[in-house]
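# Structural description and commentary
Residues per chain, in single letters:
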Amino acid sequence: MDLKLDHRTEDRLTIVEVEGEIDVYTAPRLRELLIDLVNKGNFHLLVNMEKVDFLDSTGLGVLVGGLKRVRAHDGSLELVCTQERILKIFRITGLTKVFGIYASVDEAKEAHGKDK
């Protein structure tokens, strides 16, 4: 399975659409995109993982690394995810306490708007 990546900016929030598998082979592409977005001044990221079929420890590492990068600029990296098999990974690792995890892009945008 390949990894499809896309992004768009709405207000001050950059939405990263991810589809496929985030694993040791594909995670570097996501890492490069997140680094590029931060280097271009996008410090509030929302990663939509609704179409992610698989996430391994390499993928988790990329997300945590992205979070560290945006936090260095007083930014945020939040997730959209409702798939139980992916959410379970975040619960087991304790990362539900680190990432804001939302049920939809709209819910995340609304919460982000309140933080402005």
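Structure: above.
Residues numbered from 1 in each chain as written. Predicted model: local features only at pLDDT ≥ 70, side-chain atom pairs only at ≥ 80, totals over all residues. Heavy atoms only, no water.

Following both chains from N to C, one finds helix 1 (residues 27–39) and helix 2 (residues 57–71) inclined at 5 degrees, their axes separated by 9 Å at the closest point. By the angle between their directions, the pair helix 1 and helix 2 is classed as roughly parallel. In contact with Ala27, Leu30, Arg31, Leu34, Ile35 and Val38 of helix 1, helix 2 contributes Thr58, Gly59, Val62, Leu63, Gly66, Arg69 and Val70. Classifying every residue of the contact of helix 1 with helix 2 by side-chain character gives eight nonpolar, three polar and two charged. (Axes fitted to C-alpha atoms, helices over the stretch in contact; angles between N-to-C directions. Helix = DSSP H or I, 4+ residues; strand = E, 2+ residues; numbered from the N terminus. Parallel < 35°, antiparallel > 145°, perpendicular 65-115°, else oblique. Contact = heavy atoms within 4.5 Å. Nonpolar A, V, L, I, M, F, W, Y, C, P; charged D, E, K, R; others polar.)

Within the secondary structure layout, Val16 lies in strand 2 (residues 13–22). Overall, Val16 belongs to the buried group, its relative accessible area being 0%. Counting along the chain gives 41 residues from Val16 to Ser57, while the straight-line C-alpha distance between them is 19 Å. Apart from the residues lying within four places of it in its own chain, the contact partners of Val16 are Asp6, His7, Leu30, Leu33, Leu34, Leu37, Leu46, Val47 and Asn48. (Buried < 20%, exposed > 50% of the residue type's maximum accessible area, 1.4 Å probe, protein only.)

What follows is about the nonpolar core. Residues Ile22, Leu30, Val47, Met49, Leu77 and Phe90 are the most contacted members of the largest nonpolar core, which totals 28 residues. Every element with two or more residues in this core is listed here: strand 2, helix 1, strand 3 (44–55), helix 2, strand 4 (76–80) and helix 3 (84–93). Among the elements that line this core, the one with the most residues is helix 1, at six residues. Setting aside residues no more than four positions away along its own chain, Val47 makes contact with Val16, Val18, Leu34, Leu63, Leu77, Glu78, Leu79 and Val80. In terms of nonpolar packing, the next biggest core, distinct from the first, is built from eight residues, Ile15, Leu46, Val80 and Val105 among them. (Core = buried A, V, L, I, M, F, W, Y, C linked by side-chain atoms within 4.5 Å.)

Before going further, it helps to examine helix 2. Note: α-helices contain 3.6 residues per turn, so residues at a spacing of three or four share the same orientation. With 15 residues, helix 2 should cover 21 Å at 1.5 Å per step; its first-to-last C-alpha distance of 21 Å lies within 8% of that length. Gly59, Leu60, Val62, Leu63, Gly66, Leu67 and Val70 are the residues of helix 2 that are buried. Down the axis of helix 2, the smallest arc covering the buried residues is 160 degrees, so these residues share one side. Helix 2 presents Ser57 and Lys68 as exposed residues on the side facing more than 90 degrees away from its buried surface. Lining the buried residues of helix 2 we find strand 2, helix 1, strand 3, strand 4 and helix 3. At the N-terminal boundary of helix 2, the capping side chain belongs to Asp56, with an oxygen 2.9 Å from the backbone nitrogen of Thr58. (Expected span 1.5 Å × (residues − 1). Arc of directions from axis to C-beta. Polar contact = N/O pair within 3.5 Å; in protein donor to acceptor, adjacent residues only side chain to side chain.)

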